[in-house]
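Topology and contacts: notes
Next come the chains, spelled out residue by residue.
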Number of protein chains: 2
Amino acid sequence: MNEPAGPRHRVVIVGGGFGGMLATQGLRKAPCNVTVIDRRNFHLFQPLLYQVATGALSPANIASPLRSIFRKQKNTKVVLGEVESLDLPNKSLLLKDGAVIPFDTLILATGSTHTYFGHDEWAVFAPGLKTIEDATEIRRRVLSAFERAERETNPTEKHRLMTFVIVGGGPTGVEMAGSISELARQTLRFDFRNIDPRTARIVLIEGQTRVLSMFHESLSAKAKACLEKMGVEVRLDCHVVEVGPDHVVVKADSGQAEAARIETQTIVWAAGVKASGLGKRLAEAIGGIETDRAGRVTVNNDCTVNGRSDIFVIGDLAKFTGADGKQLPGLAPVAMQQGTYVAGLIMRQLKGDTSAHEPFRYWDKGSMATIGRAKAVAETGGLRLSGAIAWLAWLFIHIMYLARFENRVLVLFQWISNYLTRGRAARLITGEMAHKPEDPNRSVPRGETVVKH
Amino acid sequence: MNEPAGPRHRVVIVGGGFGGMLATQGLRKAPCNVTVIDRRNFHLFQPLLYQVATGALSPANIASPLRSIFRKQKNTKVVLGEVESLDLPNKSLLLKDGAVIPFDTLILATGSTHTYFGHDEWAVFAPGLKTIEDATEIRRRVLSAFERAERETNPTEKHRLMTFVIVGGGPTGVEMAGSISELARQTLRFDFRNIDPRTARIVLIEGQTRVLSMFHESLSAKAKACLEKMGVEVRLDCHVVEVGPDHVVVKADSGQAEAARIETQTIVWAAGVKASGLGKRLAEAIGGIETDRAGRVTVNNDCTVNGRSDIFVIGDLAKFTGADGKQLPGLAPVAMQQGTYVAGLIMRQLKGDTSAHEPFRYWDKGSMATIGRAKAVAETGGLRLSGAIAWLAWLFIHIMYLARFENRVLVLFQWISNYLTRGRAARLITGEMAHKPEDPNRSVPRGETVVKH
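All values reported here derive from a predicted model rather than from experimental measurement.

1. Looking at the overall build of chain A
Scanning chain A from terminus to terminus reveals eleven helices and 25 strands. A compact globule built from 453 residues should have a C-alpha radius of gyration of about 22 Å, and chain A, at 23 Å, falls within 12% of that. By residue count, 56% of the 453 residues in chain A fall in the buried class. Of the contacts formed within chain A by residues at least 6 apart in sequence, a portion of 64% connects residues at least 24 apart.

2. Description of the environment of isoleucine 262 of chain A
Summarising the element assignment, isoleucine 262 of chain A is placed in strand S16 (residues 260-263). Sequence-wise, isoleucine 262 of chain A and isoleucine 286 of chain A are 24 residues apart; in three dimensions their C-alpha atoms are separated by 46 Å.

3. With respect to the side chain of threonine 115 of chain B
All names here are of chain B. Structurally, threonine 115 is set in the loop between strand S10 (112-114) and helix H4 (132-151). In this structure the side chain of threonine 115 is engaged in a polar contact, spanning 3.2 Å, whose partner is the backbone nitrogen of phenylalanine 117. Setting aside residues no more than four positions away along its own chain, threonine 115 makes contact with Trp269, Ala271, Gly272, Val273 and Lys274.

4. Re the relation of the copies chain A and chain B
Here chain A sits on chain B after a turn of 180° about the axis and a move of 0.0 Å along it, with an RMSD of 0.0 Å. Expressed as a symmetry operation, the mapping of one chain copy onto the other fits a two-fold axis. Interface overlap between copies is the fraction of interface residues in one copy that are interface residues in the other; for chain A against chain B it reaches 100%, indicating a shared surface.

5. Quick word on the interface of chain A and chain B
Each partner contributes residues to the interface: chain A has 59 residues there, and chain B has 59 residues. Interface area for chain A against chain B, summed over the two sides, is near 5,600 Å², with a carbon-plus-sulfur share of 53%. For the pair chain A and chain B, the interface holds six salt bridges. If you look at where chain A meets chain B, you find 28 residue pairs in polar contact (both at pLDDT 80 or more).

6. Some words on empty space enclosed by the protein
Any empty space left between the atoms is revealed when a probe the size of a water molecule rolls over them. Residues and elements named next belong to chain B. This structure, assessed with the given rule, holds ten cavities of 30 Å³ or more. Looking at the largest cavity, its volume works out to about 320 Å³. Sorting the residues of the lining of the largest cavity by element identifies helix H2 (49-53), helix H6 (171-187), strand S23 (367-372), helix H10 (388-401) and helix H11 (405-421) as the ones contributing at least two each. With five residues, the top contributor of residues to the lining of the largest cavity is H6. Grouping the amino acids of the lining of the largest cavity by side-chain chemistry returns eight nonpolar, eight polar and five charged.

7. Re the sheet that holds strand S13 (residues 232-235) of chain A
All names here are of chain A. Read from one edge of the open sheet, four strands run S13-S12-S11-S17, paired in parallel fashion. Each edge of the open sheet carries a strand with a single partner, namely S13 and strand S17 (266-269). Going from strand to strand, the sheet's axes swing by 20° on average, the running direction of each strand aside. Bridge count between strand S11 (residues 163-167) and strand S12 (residues 201-205): five bridges; the pairing is parallel. Bridge pairing links threonine 163 to arginine 201 in S12. Contacting S12 and S13, helix H7 (residues 217-229) crosses the sheet at an angle of about 140° to S13.

8. Overview of the confidence of the model for chain A
Across chain A, pLDDT averages 91, with 94% of residues at or above 70. The low-confidence segment residues 433-453 of chain A, where pLDDT is below 50, has 39 contacts with residues more than four positions distant or belonging to other chains.

9. Considerations on the sheet that holds strand S6 (residues 83-87) of chain B
Residue and element names in this part refer to chain B. An order of S6-S7-S8 is seen for the three strands of this open sheet, with the pairing classed as antiparallel. Each edge of the sheet is formed by a strand with only one pairing partner; in this case those strands are S6 and strand S8 (100-102). Going from strand to strand, the sheet's axes swing by 25° on average, the running direction of each strand aside. Here S6 pairs with strand S7 (residues 92-95) via four bridges, running antiparallel. The residue of S7 that forms the bridge with valine 83 is leucine 95.

10. A look at the pairing of strand S24 (residues 375-380) of chain B
All names here are of chain B. Pairing of S23 with S24, which is carried by five bridges, proceeds in the antiparallel orientation. Paired with alanine 369 across the two strands is valine 377, which belongs to S24. Counting the residues that bridge the hairpin from S23 to S24 gives two residues, and of these alanine 374 lies at a positive phi of roughly 60°. Pairing geometry for S24 and strand S25 (residues 383-386), over four bridges, is antiparallel. Paired with valine 377 across the bridge in S25 is serine 386. A loop of two residues connects S24 with S25, the two strands running antiparallel in sequence, and glycine 381 in this loop sits at a positive phi of about 60°.

11. With respect to the packing of H10 of chain B against H11 of chain B
In a pair of packed helices, the angle between the axes and the distance between the axes together describe the arrangement. All names here are of chain B. Where H10 meets H11, the closest approach of the two axes is 9 Å, and the angle between their N-to-C directions is 150°. On the basis of their axis angle, the class for H10 and H11 is roughly antiparallel. Taken together, the residues of H11 that come into contact with H10 (itself represented by Trp391, Trp394, Leu395, His398, Ile399 and Met400) are Arg408, Val411, Leu412, Trp415 and Tyr419. A per-class count over the contact of H10 with H11 returns nine nonpolar, one polar and one charged.

12. Focus on the pairing of strand S21 (residues 308-313) of chain A
Residue and element names in this part refer to chain A. In terms of burial, S21 is a largely internal element, five of the six residues being buried. As paired strands, strand S9 (residues 105-108) and S21 are joined by three bridges and run parallel to one another. Counterpart to isoleucine 107 in the pairing with S21 is phenylalanine 312. The sheet contact formed by strand S20 (residues 304-305) and S21 spans two bridges and is antiparallel. In the strand pairing of S21, threonine 304 is matched with phenylalanine 312. As consecutive antiparallel partners, S20 and S21 are separated by two residues, and within that stretch glycine 307 has a phi angle of approximately 80°, a positive value.

13. Focus: the packing of helix H1 (residues 18-26) of chain A against helix H9 (residues 332-350) of chain A
Residue and element names in this part refer to chain A. The N-to-C vectors of H1 and H9 enclose an angle of 30°; their axes lie 7 Å apart at closest approach. Relative to H9, H1 is oriented roughly parallel. For H1 against H9, the interelement crossing comes out right-handed. Listed contacts from H9 to Phe18, Gly19, Leu22, Ala23 and Gly26 of H1 are Ala332, Ala335, Met336, Gly339, Thr340, Ala343 and Met347. Residues of the contact of H1 with H9, tallied by class, amount to eight nonpolar, four polar and no charged.

About the thresholds
- Residues numbered from 1 in each chain as written.
- Chains lettered and ligands numbered in written order.
- Predicted model: local features only at pLDDT ≥ 70, side-chain atom pairs only at ≥ 80, totals over all residues.
- Heavy atoms only, no water.
- Helix = DSSP H or I, 4+ residues; strand = E, 2+ residues; numbered from the N terminus.
- Rg over C-alpha atoms; globule rule 2.2 N^0.38 Å.
- Buried < 20%, exposed > 50% of the residue type's maximum accessible area, 1.4 Å probe, protein only.
- Contact = heavy atoms within 4.5 Å.
- Polar contact = N/O pair within 3.5 Å; in protein donor to acceptor, adjacent residues only side chain to side chain.
- Least-squares fit on C-alpha atoms with pLDDT ≥ 70 in both.
- Buried area = accessible area lost by both parts, 1.4 Å probe.
- Salt bridge = Lys/Arg side-chain N within 4 Å of Asp/Glu carboxyl O.
- 1 Å grid on protein atoms, 1.4 Å probe; cavity = no way out; pocket = protein on both sides within 12 Å on 5 of 7 lines; lining within 4 Å.
- Points joined across faces, edges and corners; volume = space filled by probe spheres on them.
- Nonpolar A, V, L, I, M, F, W, Y, C, P; charged D, E, K, R; others polar.
- Pairing = 2+ DSSP bridges.
- Axes fitted to C-alpha atoms, helices over the stretch in contact; angles between N-to-C directions.
- pLDDT = per-residue confidence, 0-100.
- Parallel < 35°, antiparallel > 145°, perpendicular 65-115°, else oblique.
- Left-handed = near helix turned anticlockwise from the far one by under 90°.

Next comes the structure, spelled out in structure tokens:
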């Protein structure tokens with residue numbers, strides 16, 4: 001309705017995450033028609049998803065409706081839909097609902113999801129943390145486990161219900177382990193009558209020899225010490241070799257140690273990331289384009305794919321190798337900077353500027369991860385911070401990057417409230433009744449087992 | 001763990017709604033063991049559920065974990081479970097998960113749900129509004145209808161997608177109609193490119209000759225005028241005779257008018273309430289106890305059931321006839337006052353006071369209903385208010401009655417923000433992808449129809 005007439009250049013952006021959102025915003029004043037396609041009607045601030053999963057925040061606090069973000073951007077329309085296939089000869093996308101979306105320039109920014117390294121059958125027992133639904137499902141499982149433990153009379157079963165295993169010692173895994181520990185030791189401390197939630201066992205499993213391996217070794221060591229002080233059992237250098245309805249089996253990578261079985265009701269998967277399937281389909285459609293083992297598309301130094309100056313791939317979907325030969329990590333700041341860069345490039349092209357352009361350069365402002373209340377690690381340039389000061393920096397930056405003013409206030413208020421009361425108000429069990437006897441986690445009979453740990 | 005030893009009197013309260021919560025709190029200092037049983041782990045502030053259904057608030061803002069409410073109440077434990085059957089000879093309850101809960105005194109406060117007057121097959125097309133899941137499902141449907149209209153090219157179908165029918169002109173129906181109108185005319189106004197959400201058709205259907213029939217006629221008339229000014233089509237004195245995947249058929253009660261078919265994608269059921277099924281099971285178990293057509297249990301003037309001084313029924317589950325011969329309405333204040341009254345009665349009994357007790361008397365502080373931004377009606381005693389002053393009174397009272405301080409601040413801030421920006425931040429489509437072709441609302445083929453309105 002607000003679409004100007006005439007054949008304007010059409011930029012189609014698939015994905016409303018950090019990359020797609022910044023690319024769209026960068027084209028705010030561009031003389032082109034922008035179409036943003038997403039499966040969901042909101043942009044999700046994934047770095048805080050673990051706080052939804054542990055009842056500290058509500059889903060809407062970290063989600064912003066895409067139409068709301070772009071409502072004043074008159075050259076932009078939002079399409080709720082999922083790409084079914086790419087028709088490159090006709091320069092168009094086919095959506096699952098049958099709609100055809102033609103483009104002159106295409107930006108793919110569909111991100112990544114978690115992977116079970118060939119064991120997709122583990123997904124039902126060990127959900128990952130990528131969507132709002134994942135987060136509310138994990139919240140349901142964690143809270144329901146305590147509820148069932150409260151009613152359980154068998155001590156072995158009670159112990160199993162109160163054991164929480166987090167697979168993956170990256171930022172998400174560390175944040176989940178720390179949050180579950182705080183939930184158990186502080187928030188729920190006085191909530192039950194038959195169990196002491198402080199006795200919950202929380203196990204964090206990491207394949208490498210340290211947690212938060214993208215950080216300096218000294219910070220990894222600090223994070224590990226911090227987690228252990230909070231009662232988290234950190235198991236390094238070992239892999240999960242089996243996941244079942246009531247247990248995981250963990251095998252140490254070095255040494256002759258036998259595999260150890262951990263009886264648990266609740267497993268959170270925070271290991272392994274694979275790119276959205278659209279990358280592979282793009283590579284197939286173009287031909288001669290590489291995707292790596294994680295399904296990421298190799299891109300040129302201006303984020304285009306080989307031979308197609310009209311197709312950009314950014315964010316977690318892209319495999320970008322810097323001038324130093326290092327691959328960029330799958331982080332929100334990379335996606336955001338690539339989105340802004342690509343928008344700038346398109347602006348130049350639209351203005352007829354055909355002079356050589358600068359390659360994309362990632363400005364690494366640093367990394368940070370929270371472990372718990374007033375506990376975090378951060379590094380920027382040569383500076384390494386930990387403890388309360390890193391935590392405050394973390395708070396400040398995460399509040400700042402939330403997409404809407406209202407959410408900033410809501411999140412800040414809830415964090416202050418959670419800090420003062422050690423509470424987590426959003427600990428609702430929703431979606432499925434907690435007491436349902438047909439709990440899928442229990443329907444599989446448990447066999448004889450040797451518990452080693 | 002915190003349970004005192006020895007045979008203390010056991011009070012079991014089924015239901016953590018307004019009645020059950022107030023009864024439990026009233027027994028805070030009673031020398032007895034209190035057990036609260038609920039299917040959900042939270043108390044829900046149902047009067048604001050329509051704000052979740054229209055994206056103004058998040059579920060957690062109007063839900064408070066029961067364990068959190070009663071955490072400091074040492075004589076009280078919370079059991080997450082659902083009552084399967086009553087074993088009155090043994091004075092115990094059997095839960096669905098097999099647990100047996102013995103009681104000395106029983107308080108049933110399981111409330112009510114919506115009813116389709118014998119047409120349960122309508123439920124799938126016209127969800128009611130009683131639970132968090134109902135609210136997020138209605139939110140999904142309303143927002144998805146706009147999304148699909150944006151993509152639809154057929155004008156008839158577009159019109160059908162942008163038609164919203166609310167069945168029932170009580171407070172919930174009026175609030176839903178007003179909220180959907182504001183969502184369409186204000187919040188979403190600039191969000192779309194192919195549709196003008198302000199042209200959405202909103203129809204409110206009421207069987208009686210006026211909306212909000214529990215109010216004075218002058219306020220009903222004001223509410224109706226208000227709704228019509230907001231673009232809501234109010235149809236009085238007519239009933240829904242058919243509900244399908246893509247339409248409702250409405251028949252006027254008086255006159256010879258033919259039934260009219262309204263093509264619509266989104267129907268909200270706000271008519272008819274029936275008591276929880278536990279009432280009937282209680283009546284059967286005791287024998288000689290009446291339940292009315294809505295399944296409510298007839299209670300004595302002290303909320304006990306005939307012949308059982310140890311069993312109380314309160315709130316929406318009870319049919320209480322006052323000294324004036326009038327039945328009490330199914331409202332939160334009635335349930336709350338009955339909960340407090342029953343707790344007081346039990347306290348007296350525990351102290352050995354066997355003197356005659358006063359019957360329960362409902363103190364009617366008045367009623368209020370919101371229509372929209374700065375629009376409400378309220379009456380208390382002989383005083384009748386409407387417009388901004390009634391709305392402010394409504395705001396104040398609802399904030400005051402929210403169970404937790406944190407939620408009061410969060411709701412107040414969001415209301416201020418919504419008021420200033422006309423926004424609704426929590427308008428997330430969650431639970432099911434909006435674009436799914438297998439939308440159940442569309443899978444049934446539509447027949448030939450004559451549209452009359």
